[in-house]
Amino acid sequence: MAKFPAARDHRDGPIGHYVEVGAPAGAHANEWLPVDDDGRQPDLCAWLRERLVEWRERESPMAPDLVRQAPGPEADAARARLAGVRPAPSTSGPLVSVAIIGGYVPERLADTLRSVAAQTEVSWEAFVLVEDASLAALALEEVPGQRVTVLEVGQNVGLGVREAVERATGEYAAVITAGETWSADRLRLAVAAARSGGADLVADVLKVERGDSIRYGAARLAGGRVVSRQTIDISRVVARRDLVASAAIDWSQDIWAWLLVTALTDHSRVEYLPVVGTTRDQSVRMRALRPLRRWQRLRYAPLDTAPDRALRDRLIDWSEIEERTPEADVVSVLIPTYRDWRMTTDAVAALAQTETDLEIDCIVHDDGGDAMSAVILDSLPLRFPGVRVMHDNINRGFAMANNLAFAHARGAVVVLLNNDTEVEPGWLTPLVSALEDPQVLGVQSLLLFPTGTIQSAGVAFPSCVGIPHEFLGGFPREDAEGIEQLRFHALTGAALAVRHADLTAVRGLDPIYRNGMEDIDLCLRLADVREGHFVVRPDSVVIHHESRSEGRFKKSRQNRAVLLEQWRDRLPADDVKLWGTRGFTVVDHEVVHHRDEIGSVGAPSPVLVRTDRLPGRAQVSEAPPRLRWSIKNPAPAGKAGEHWGDTHFARAVAGALRELGQQVVIDARPEFYRSSGRHDDVNLVLQGLAPYQPFAESVNLVWVISHPERFHAAQAHYFDRVLAASVSWAEQTSREWGRRVEPLLQATDPESFHPDRAVPDTGHPVLFVGSSRNVSRPIVADAVEQGLPLSIYGGQWKEFVHKRYIKGEYLPNADLGAAYRSAGVVLNDHWEDMRVEGFVSNRLFDAAASGARVITDDVAGLGDTFGNLVQVYRTPEDLVRLSSMVNPDEVFGDDAYRREVAARIAREHSFHARAERLVEVAIEERKRRGFSL
């Protein structure tokens, strides 16, 4: 895309642009597609075509369950073909045995019975399955003299059908439900089709009516092993009764019909009959099956994900996995994905940067994605070592996708990793080391939102019993310090490490959950197998772009209902204890109820109060009270923010406040207004490019350290105290605004910046550290124009200077002190508004504390603060003279002098000194406003 920018906006994406434009122009494919055996440049178009052919071969052959198109000429042809075929009568009794699911409305059962009694040319017997025989009495009056037997089967329909089949004597068997009716020749045509085609099972067409809408269940299903939850409706089936009776299934399950059809089609000859045999009025049928007690409805409306449990064992050979010996020096990372190649590629790319002595076995499972996703995913093994891609032609959901990927896992440790995550450096080692403790059943990374706050630090179960919540969700990262000591009952599966043997023992994740709660259920089942607990490692960090997958919340309520149904009597209740370790008391729970066909699904959220704010918890101490501070950092979150000086400034202030016993968290710009901010005592806003509108429930301090032109009197009104990193601006603004603005200059960290970091004049002769700000910064432009031996560390410079000057896009903050001290001279400049208003750059404090020589543009007050260490240039000639002196000590002072100034800077302008004043100011304002201390 660098050579062809238009590729980004092409209608078919970059690949489409390459096929249409790049390849004909002779553009090379890419760096990752290997050359052929003869060393020739690969043909990307040919490679793409091969992948597309593979995807088409994987496409599911199943048609939609219901279609709009009614059988037409095909139905007429079938009727004509079978018109002369007359089923031979059975010599031992009725030809067809019918199981009728009676429901709860006699009138609807009577309609169904009449349609059965109207069957032509076929002898039959019927078994009416009801919970109470009295429900069938009225309906039976409609078919006097017929062979109808009433079976009281309770609520379990499947067991009732099995009993009917075992007592039946017909050669064939069929099932119909109250609210459905048969065409008069349904059984005749079905039996004729079976006998003429030598089939064991006949599937005709089901007509489904719902108001004005009509659909047809007409999917063809050839005989053979079923590999998806999609199969033919039991109401479409007429099959040999002996095969039905001998089906080795669990009839007690809600999905008995799916299990039965699946078992029959596995080994039977199937004949498709394109004729409508059964008509179902969906609304009538649902009323007929609705019991007096709402909870009984589950028996007649099984979860649509229930068949996936059976498929889990059909698709995966668990016995083979049990016999396999996983490799101790391998970690298998499972990444399921659905139609999201972009985030998956980012996840794999981040994973590939992991530094570890272990082998990473990355398995990406394409869960029924589209062609473009599949093709791009196929490139991952060529681009990143240790990556395998598995494709499925069916979207099965998070649980099943992980299970299918796990079937190929080699490692003794298995990590479930969402495709919408990016692992941070050092993430893997803490997880693996935690599992060395046999009592640890699983370990989770600390999951952060891209904005920097916590997405999940484990899972907490409410004391009132119910759906668990993400522990520390929405809180700053600092609140997770020390959580590795906590014991959890469950974790989230977005970045979860478990043992291969344990995952095998519980048969993986339960696919009855669809993209939600399967991780909670997994942890509970792991704890059922053997004693142990779960832990979270805050030193393993993963960024989670939560809930980006298509259809993520489609089954949310159902998932919650299933979890409560399966674990209600055994759910833990640990949120009070867990929140207590963070200094919070759970005083109540807010429960939002959602009600649907499954029932009421409550999601309790804890109502939190800082424990030290509770009545009777006031501090009694001569030391400054321990307040909770939130430092508002105007820099962006994540990696981009690491390039901002504000980020390191905020961390230094936080560290100094913590040394004074304060509790401190840092909010990057996107999280200025996080909901958990109500628990903070003090908001300290580092005023920069991003404004902040404070709330009155905390003490609000603003420290104007840059861009004073962006801070106005109207904004100052909302703050309890205004501080400024300029003496002159503070004095002038105090007069203009009629309120006190206190000078509080920027500062330095003497532990990072001191003269012993390096030897002078052993580094870069002329050093500049900082981004271009997308402008040609004057001091850099002058240095380049004058031909000085300039070295630049910073981003966005390629447009303004030759690449030979750029030594790096970024210089880590930990290396700055040594770089400053070892340089011949350090260059510094200011934003024009900051220079005019007397805002002294933080770089000057750091460089001076390091004992470096500094050249800068002019700002008021430099001499009083930095002595001779910092020299002002006003012309390019000044810059050349100051940076090229034979004996710079004559101007900047010798090393002893520079050390003396550095010691004074460290003493008077350290972050510790600033923190002491900040604490004093915060206490003054809390007292003034009547807050407790």
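Per an unreviewed UniProt entry, the protein carries the name Glycosyltransferase and comes from Nocardioides cavernaquae.

Draft legend 1. A look at unusual backbone geometry. Phi at Asn 515 is positive, roughly 60 degrees, even though this residue is not glycine. With respect to the helices, strands and loops of the structure, Asn 515 is situated in the loop between helix H18 (500-505) and helix H19 (518-529). We classify Asn 515 as buried; its relative accessible area is 19%. Notably, Arg 773 is not glycine yet its phi reads approximately 60 degrees, a positive angle. Secondary-structure assignment places Arg 773 in the loop between strand E29 (766-769) and helix H26 (778-785). In this structure Arg 773 comes out as partly exposed when scored by relative accessible area, which is 25%.

Draft legend 2. The UniProt feature "domain: Glycosyltransferase 2-like" (unreviewed entry) in the protein, seen in detail. When the UniProt feature table is mapped onto this chain numbering, "domain: Glycosyltransferase 2-like" (unreviewed entry) sits at residues 107-220 and 332-442. Across residues 332-442, helical content stands at 36% and strand content at 31%; the span's end C-alpha atoms are separated by 14 Å.

Draft legend 3. Summary view of the UniProt feature "domain: Spore protein YkvP/CgeB glycosyl transferase-like" (unreviewed entry) in the protein. In the numbering used here, UniProt assigns the feature "domain: Spore protein YkvP/CgeB glycosyl transferase-like" (unreviewed entry) to residues 785-919. Taken as a whole, residues 785-919 contains 48% helix and 13% strand, while its terminal C-alpha atoms sit 47 Å from one another.

Draft legend 4. Main features of the pairing of strand E4 (residues 172-177). Along E4, six of the six residues are buried, which leaves the element largely enclosed by surrounding structure. Side chains Tyr 172, Ala 174 and Ile 176 project from E4 onto one buried face, and the interleaved Ala 173, Val 175 and Thr 177 project onto a second face that is buried too. The pairing of strand E1 (residues 96-101) with E4 spans six bridges and is parallel. Along E4, the bridge assignment pairs Ala 99 with Val 175.

Draft legend 5. Molecular detail of the sheet that holds E29. Here six strands make up an open sheet; going across it, the order is E31-E30-E29-E32-E33-E34 and the pairing parallel. Looking at which strands have only one partner, the edges of the open sheet turn out to be strand E31 (806-808) and strand E34 (870-872). Here the strands of the sheet are splayed against their neighbours by 30 degrees on average, with no regard to which way each runs. As judged from the four bridges shared by E29 and strand E30 (residues 790-793), these two strands associate in the parallel manner. From the neighbouring strand, Val 766 faces E30, where its bridge partner is Leu 790.

Draft legend 6. Representation of the side chain of Ser 373. As for its placement among the helices and strands, Ser 373 is situated in helix H14 (residues 371-378). When neighbours within four sequence positions are excluded, Ser 373 is seen to be in contact with Arg 339, Asp 340 and Trp 341.

Draft legend 7. Fine view of the nonpolar core. Within the largest apolar cluster, 97 residues are counted, with the highest numbers of intra-cluster contacts made by Trp 256, Leu 260, Phe 471 and Leu 472. A per-element tally of this core places helix H9 (residues 256-267) first, with seven residues. Two domains each provide a minimum of three residues to this core, namely domain 2 (73-281) and domain 3 (311-600). If sequence neighbours within four positions are ignored, Trp 256 has contacts with Ile 101, Val 157, Gly 158, Val 161, Val 175, Ile 234, Ile 249 and Trp 251. Among the nonpolar cores identified, the runner-up in size contains 46 residues, and Ala 650, Tyr 692, Trp 703 and Leu 918 belong to it.

Draft legend 8. Fine view of empty space enclosed by the protein. Using the criterion set out here, one finds four cavities of 30 Å³ or more in the structure. Within this model, the largest cavity holds a volume of roughly 70 Å³. Val 161, Val 165, Ala 173, Ala 174, Val 175, Ile 234, Val 237, Ala 239, Val 244, Leu 260 and Leu 264 are the residues that line the largest cavity. Residue assignment for the lining of the largest cavity shows that the elements contributing at least two residues are helix H6 (157-167), E4, strand E8 (237-240) and H9. Its residues assigned to classes, the lining of the largest cavity shows 11 nonpolar, no polar and no charged.

Definitions and cut-offs
- Residues numbered from 1 in each chain as written.
- Predicted model: local features only at pLDDT ≥ 70, side-chain atom pairs only at ≥ 80, totals over all residues.
- Heavy atoms only, no water.
- Helix = DSSP H or I, 4+ residues; strand = E, 2+ residues; numbered from the N terminus.
- Buried < 20%, exposed > 50% of the residue type's maximum accessible area, 1.4 Å probe, protein only.
- UniProt positions renumbered as here; feature names shortened; annotations may be inferred.
- Pairing = 2+ DSSP bridges.
- Axes fitted to C-alpha atoms, helices over the stretch in contact; angles between N-to-C directions.
- Contact = heavy atoms within 4.5 Å.
- Core = buried A, V, L, I, M, F, W, Y, C linked by side-chain atoms within 4.5 Å.
- Domains from an automatic or database assignment.
- 1 Å grid on protein atoms, 1.4 Å probe; cavity = no way out; pocket = protein on both sides within 12 Å on 5 of 7 lines; lining within 4 Å.
- Points joined across faces, edges and corners; volume = space filled by probe spheres on them.
- Nonpolar A, V, L, I, M, F, W, Y, C, P; charged D, E, K, R; others polar.

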